[in-house]
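The residues making up each chain are set out below.
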Amino acid sequence: METMSSSPSRRVDADPTLYPVMEKMGEDILHRWIVELLRPLVAHWLESRGIQALVGADQFIYFKQHDPHERISPDVYVLPGLAPDTHVSAWKTWLTGIVPSFALEVVSRSWKKDYHVIPEKCAELGLRELIIFDPNPEKHEDGARWQVYRRVRGRFTCVEVSERDRVRSRELGCYLRAVGEGSALRLRIATGARGRTLFATPEEAERRVRSSARSAMDAERSAKKAALARVAELEKMLAKRSRR
């Protein structure tokens, strides 16, 4: 299995600093629905490509020891090289040297933080790619549906601002595509030329297998029925000839 690049564990001295693992915050239900669909999709996509990585959501990622304020909690993130079932309560980058390769932020009611603070934090963290998706860009000053940040010659830079329904993630090797409207708005993984093909969720893939199996069974029944009808027709012809 291919693994995304990672670094070995590092030995550190005992640290008395308190690093919280959770913080009570209100969240828009659409925001939650988008993340609940996308996180397992990203995990399934990477697994299908033979890439080992942990795909998480909303955990605190601390990147400066002794400073619990230096953290991010991406809506979706990828920690390269880790087993997909690795348990993470809060991630401390100095313990392993592993930082997320990819993060997605869905713009919330704290949109100024999502637009301005998050990219700065991700730059300090050492993130390779950040994609910011705004479900309601028209409600925000200079709002944009998509913003894509990547490292260019060592600097974390906004390389794309788009109002289209999809953008390409270099780190994931696919497109992220907005589908549906209003409360049905979701983010999906898309592949192929310009992201025209939606990558199936495990549930959709299972339904397709079942549908294909049913179609095969229906085709087999139709073939048997046609064969029996042909045999009956031939028997009638033989019976007529024998009477003559």
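Anyway, here's the lowdown on the structure attached to this text. (Residues numbered from 1 in each chain as written. Predicted model: local features only at pLDDT ≥ 70, side-chain atom pairs only at ≥ 80, totals over all residues. Heavy atoms only, no water.)

### Quick look at helix 1 (residues 29–48)
So, step 1. End to end, helix 1 covers 29 Å across 20 residues, agreeing with the expected 28 Å (1.5 Å per residue, within 8%).
So, step 2. Those residues of helix 1 not exposed but buried are Leu30, His31, Ile34, Val35, Leu38, Leu41, Val42, Trp45 and Leu46. Seen along its axis, helix 1 keeps its buried residues to an arc of 150°; they face one direction.
So, step 3. Looking at the packing, one finds that the buried side of helix 1 touches strand 2 (51–56), strand 5 (76–80), strand 7 (102–106), strand 8 (129–133), strand 12 (174–179) and strand 13 (186–191).
So, step 4. Where helix 1 terminates, the next one or two residues include Gly50, which has phi positive at roughly 75°. (Helix = DSSP H or I, 4+ residues; strand = E, 2+ residues; numbered from the N terminus. Expected span 1.5 Å × (residues − 1). Buried < 20%, exposed > 50% of the residue type's maximum accessible area, 1.4 Å probe, protein only. Arc of directions from axis to C-beta. Contact = heavy atoms within 4.5 Å.)

### Observations regarding the sheet that holds strand 4 (residues 71–72)
So, step 1. Here three strands make up an open sheet; going across it, the order is 4-3-6 and the pairing mixed. Across the chains shown, the open sheet's two edge strands, defined by having one partner strand only, are strand 4 and strand 6 (90–92).
So, step 2. Summarising the sheet, strand 3 (residues 60–62) and strand 6 pair through three bridges and their orientation is parallel. What sits directly across from Phe60, in strand 6, is Ala90. (Pairing = 2+ DSSP bridges.)

### A closer look at the nonpolar core
So, step 1. Grouped together as the largest cluster of nonpolar side chains are 30 residues, with contacts concentrated most on Leu46, Leu104, Phe133, Leu172, Leu176 and Ile189.
So, step 2. For this core, the secondary structure elements donating two or more residues are helix 1, strand 2, strand 5, strand 7, strand 8, strand 9 (146–152), strand 12 and strand 13.
So, step 3. When neighbours within four sequence positions are excluded, Ile189 is seen to be in contact with Leu38, Leu41, Val42, Trp45, Cys174, Tyr175, Leu176, Thr197, Leu198 and Phe199.
So, step 4. Ile61, Val107, Trp111 and Ile132 belong to the second-largest nonpolar core, a separate cluster that totals 22 residues. (Core = buried A, V, L, I, M, F, W, Y, C linked by side-chain atoms within 4.5 Å.)

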